[in-house]
Amino acid sequence: MKKFCLICYAAAGLLLSSSSLAAPGNAERVRAAGAAATKEPRREDYRGAIQSYAYVEGAIYRLVAAPGHVTEIALEPGEALLAVAAGDTARWTVGDTVSGSGEAQRTHIMIKPLAPALDTNLIITTDRRVYHLALTSTARTAMAAIRWTYPDDALLAIKRGGTARTVRAASSGAIDPASFNFGYRITGDRAPWRPLRAFDDGRQTFIEFAPSLAQGEAPPLFVTGEGGAPELVNYRVSGRYYIVDRLFKRAELRQGTKKQKIVRIVRTGSEQ
């Protein structure tokens, strides 16, 4: 009897939990959040017959289709399709194909409803991102195709391009003294890989080595932490430069174990 009562209490708790999740207020909040996240077609975003959406993670993109018409969803060139899942697979036909080859190969997902006045959702997962779509069917009106632009990726490419231009300018000696801070002091062992100089642009730090750096083993870079202990820092090697995506007060280059060679880089704040 006691066991039965415990089961009854558990069931009652589950029912209360389910009813609270389905409460009108919660449902309204879910609908409001979905509506706010949904991107609708706009005349100014059309390129010919193709609706172009700016990709934003977490957004929902509207696709309007019609029976007897196929609407194409085009992924980014080189983007590999992992899976496609539709909420209603009985009344919506979903297929995929590819065009092009190599790096220019592009995946196309084809959508066709079997009747008007249908609504469902579609989720596309790729090796680069996840797409959420809201599918709506009408009697006659259908979008020919949709695709995306990727503003965040473009900004990243611009940033990388700016870094590359900075390094090229530094390696050619075409440095504007007003744009860079050369207030760094280099001390320590006279190792073959000892840097020639260090400088920053207020955001990134550049450590310049001799051209022979590529012929030997590059030393790891450590930034000195608050307590004076060395800490690994994220950096990348571009030619004969180390590029650190931050500023630091003190750093060390170390190589070897028994007879370790150490070179220190200190930001003084004034030109040397």
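Preceding block: the structure.
For the structure given in this document, a descriptive report is provided here. (Residues numbered from 1 in each chain as written. Predicted model: local features only at pLDDT ≥ 70, side-chain atom pairs only at ≥ 80, totals over all residues. Heavy atoms only, no water.)

On to the overall build of the protein. The secondary structure content of the protein amounts to 3 helices and 20 strands. Excluding contacts between residues fewer than 6 apart, the proportion of contacts in the protein whose partners are at least 24 apart in sequence is 61%. (Helix = DSSP H or I, 4+ residues; strand = E, 2+ residues; numbered from the N terminus. Contact = heavy atoms within 4.5 Å.)

Its identity is not glycine, yet A117 carries a phi of approximately 60°, on the positive side. For A117, the position within the fold is in the loop between strand 8 (106–113) and strand 9 (119–126). Since its relative accessible area comes to 67%, A117 is described here as exposed. (Buried < 20%, exposed > 50% of the residue type's maximum accessible area, 1.4 Å probe, protein only.)

Quick look at the sheet that holds strand 8 now. The 6 strands are arranged 2-3-11-5-8-7 in an open sheet whose pairing can be described as mixed. Taken across any chain shown, the strands that pair with only one partner, and hence form the sheet edges, are strand 2 (46–47) and strand 7 (92–99). In terms of strand pairing, strand 5 (residues 71–74) meets strand 8 through 4 bridges, oriented antiparallel. Bridging from a neighbouring strand, E72 pairs with M110 of strand 8. (Pairing = 2+ DSSP bridges.)

This part takes up the packing of aromatic side chains. Tallied over the full model, the rule gives 14 aromatic pairs. Between the aromatic rings of F180 and F199, the centroid separation amounts to 5.4 Å while the plane-to-plane angle is 85°, which identifies the pairing as edge-to-face. Here F180 is found in the loop between helix 3 (151–172) and strand 12 (184–188), whereas its partner F199 is found in strand 13 (residues 197–200), with 19 residues between them in sequence. The two residues F180 and F199 agree in class, both being buried. The interplanar angle of 55° and the centroid separation of 4.7 Å between the aromatic rings of F209 and Y242 together place this pair among those described as tilted. Note that F209 is positioned in the loop between strand 14 (205–208) and strand 15 (221–224) and Y242 in strand 18 (residues 241–244), a separation of 33 residues in sequence. When sorted by exposure, F209 lands in the same class as Y242, which is buried. Grouping aromatic residues by their ring pairs yields a cluster made of Y53, Y55, Y61, Y131, W148 and Y150. In this structure, R129 packs its charged tip against the face of Y55, placed 5.5 Å from the ring centre. (Phe/Tyr/Trp six-rings, centres within 6.5 Å; stacked < 30°, edge-to-face > 60°. Lys NZ or Arg CZ within 6 Å of the ring centre and 35° of its normal.)

Take the side chain of T38 next. Examined against the element boundaries, T38 turns out to sit in strand 1 (residues 38–39). On the basis of relative accessibility, which here comes to 15%, the residue T38 falls in the buried class. Within the local environment of T38, its side chain forms a polar contact with the backbone oxygen of G34, the two atoms lying 2.6 Å apart. If near-sequence neighbours (up to four positions away) are discounted, T38 is found in contact with I60 and R62. (Polar contact = N/O pair within 3.5 Å; in protein donor to acceptor, adjacent residues only side chain to side chain.)

Within a regular strand, side chains alternate between the sheet's two faces. Residues Y241 and I243 point to one face of strand 18 and Y242 and V244 to the other, with burial holding for every one of them. Both strand 14 and strand 18 contribute to a ladder of 4 bridges, which runs antiparallel. Across the sheet, residue E208 finds its bridge partner in strand 18, namely Y241. Across 4 bridges, the pairing between strand 17 (residues 235–238) and strand 18 is antiparallel. For Y235, the partnering residue across the bridge sits in strand 18 and is V244. The turn linking strand 17 back onto strand 18 is made up of 2 residues, and G239 within it adopts a positive phi angle of 65°.

So, about the sheet that holds strand 12. The strand order across the open sheet built from 5 strands is 12-20-19-15-16, with neighbouring strands paired in antiparallel fashion. The outermost strands of the open sheet, each flanked by one partner alone, are strand 12 and strand 16 (230–232). The mean angle between the axes of side-by-side strands here comes to 30°, regardless of whether they run parallel or antiparallel. Taken together, the 3 bridges between strand 15 and strand 19 (residues 250–255) define a ladder with antiparallel strand orientation. Directly across from F222, in strand 19, lies its bridge partner E252. (Axes fitted to C-alpha atoms, helices over the stretch in contact; angles between N-to-C directions.)

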